[in-house]
Amino acid sequence: MKKYIINDFAKCSISKKVKAQKDITTFARQVGYRPILLPVYPLSHDFNSKLKKLKYSKITIPKLLKNANDADVIVFQYPMYSTFLMNHLIEDIKKYTHAKLVYVIYDIEGIRMFDDTDNYSDNELLLLKQADGIIAHNQPMTDWLKEHGITVPIVNLGIFDYQNPQLINQDMDYNKSVVFAGSLEKSTFLTKLNLKDTKLTLYGPNPADQYEGKLSPEELPKKLTQNFGLVWDGDELDTCSGTYGHYLQFNAPHKTSLYLSSGIPVIIWKKAAMAKFIEENHVGLAIDNLNDLDNVLAQITDDEYKTIKQNAINMAMRLREGHYTKIALDQIVKQVM
């Protein structure tokens, strides 16, 4: 069977999306997928000209796909940075190959958006319906897709794997420390958090109190020495609110993989889609309210923490090997072929 995966790395290398895409490509290649390398133009007014787009869609993409006309399966990491090019790419895959088209989903904007005034969701669903098979993040995302008319086979990834060049943190000492890595500007709940016994460290763009800096996804794990990594979004402490909080109920945040691939257990909102994964694998805690964080951490014994920590270390090894990506690819190919 001839299997290909499309490489589309349009943003700067520090982007978490590009990190996830590169890792999926790496793990797919380890199980026999050949890369289709899409040349990437800078996102500028020059590229947005009709001539540039026309040349890319009518010459560049067809030429690449003609070289992969023996493909049985083509994996496409959804979405691309340009809806225009995404439409042409999907159209040409069907025109120049007989391949089954599989999407590995990174984001679904239709879930994220509350006020869909420009009918983005309808247009996105048309794109999603072009797939022969889909790898979604988890069951809530799969349920959303099915509720919105997607009838092709869907496999749940569970969690994003994460290539991590740093040593796995093996420190078993428990000192009630927590790290939060993410956009500090959109994480306004941090301004309301008043911890007494918990030491909180922050990493990410947009400075705040206790801010330690912005690092690449490859460099950041060097700094993750805390007991837990926090996954939380929105404005409030007693829930994950707003657009980002809503999305947390459907997606698999990449920072979860960042923490666990470093051997750091996770604290996550109880209603987040990833909470079930965290609890079932005993690699962290799911809580309802950040106001309770001091009390929750105070009740954990050293032995209990060591058990959670060891599970996180074991999980780190699986994520670094592409365990979940490889299983999902194998399952979806069996279903679409």
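All figures in this text were calculated on a predicted structure; none of them were measured in a lab. (Residues numbered from 1 in each chain as written. Predicted model: local features only at pLDDT ≥ 70, side-chain atom pairs only at ≥ 80, totals over all residues. Heavy atoms only, no water.)

Thoughts on unusual backbone geometry
The linkage connecting Tyr-78 with the following residue, Pro-79, adopts the cis geometry, with an omega of 0°. Along the chain, the position of Pro-79 falls in the loop between β3 (73-78) and α3 (83-96). Residue Lys-176 is not a glycine yet carries a positive backbone phi of 60°. On the secondary structure map, Lys-176 appears in the loop between β6 (154-156) and β7 (177-181). One non-glycine residue with positive phi stands out, namely His-282, at about 55°. You can see His-282 is positioned in the loop between α9 (275-280) and β11 (284-287). Looking at His-282, the relative accessible area reads 51%, which means it is exposed. (Helix = DSSP H or I, 4+ residues; strand = E, 2+ residues; numbered from the N terminus. Buried < 20%, exposed > 50% of the residue type's maximum accessible area, 1.4 Å probe, protein only.)

Focus on the sheet that holds strand β8 (residues 199-203)
Here we have five strands laid out as an open sheet, ordered β8-β7-β9-β10-β11, and parallel in their pairing. Of all strands in the sheet, those bounded by a partner on one side alone are β8 and β11. Strand-to-strand twist across the sheet, computed as the mean angle between neighbouring axes with direction ignored, equals 25°. Pairing analysis gives five bridges linking β7 to β8, with the strands arranged parallel. Residue pairing for β8: Ser-177 is matched across the bridge by Lys-199. (Pairing = 2+ DSSP bridges. Axes fitted to C-alpha atoms, helices over the stretch in contact; angles between N-to-C directions.)

Observations concerning the packing of helix α2 (residues 50-66) against α3
Where α2 contacts α3, the two axes come as close as 10 Å, and the packing angle between them is 35°. Of the two possible hands of crossing, α2 and α3 adopt the one that is right-handed. The residues of α3 that touch α2, namely those facing Lys-53, Tyr-56, Ser-57, Lys-58, Ile-61, Pro-62, Leu-65 and Lys-66, are Phe-84, Leu-85, His-88, Leu-89, Asp-92, Ile-93 and Tyr-96. Here the contact of α2 with α3 is built from residues that sort into nine nonpolar, two polar and four charged. (Left-handed = near helix turned anticlockwise from the far one by under 90°. Contact = heavy atoms within 4.5 Å. Nonpolar A, V, L, I, M, F, W, Y, C, P; charged D, E, K, R; others polar.)

Re the packing of aromatic side chains
Taken as a whole and assessed by the stated rule, the structure comprises seven aromatic pairs. Aromatic pair Tyr-78 and Tyr-103: ring centres 5.5 Å apart, planes at 15°, arrangement stacked. Taken together, the residues span a long stretch of sequence, with Tyr-78 in strand β3 and Tyr-103 in strand β4 (residues 100-105) at a distance of 25 residues. The same class applies to Tyr-78 as to Tyr-103, namely buried. Ring geometry for Phe-277 versus Tyr-324: centroids 5.7 Å apart, planes at 70°, classification edge-to-face. With Phe-277 in helix α9 and Tyr-324 in helix α12 (residues 323-336), the pair connects residues that are 47 residues apart, well separated along the chain. Among the residues examined, Phe-277 registers a relative accessible area of 12% and is labelled buried. (Phe/Tyr/Trp six-rings, centres within 6.5 Å; stacked < 30°, edge-to-face > 60°.)

Focus: the environment of Val-178
Of note, Val-178 is situated in strand β7. Here Val-178 falls in the buried class, since its relative accessible area comes to 0%. Those residues in contact with Val-178, other than ones at most four positions away along the chain, are Thr-198, Lys-199, Leu-200, Thr-201, Gln-226, Phe-228, Leu-230, Ile-267 and Leu-297.

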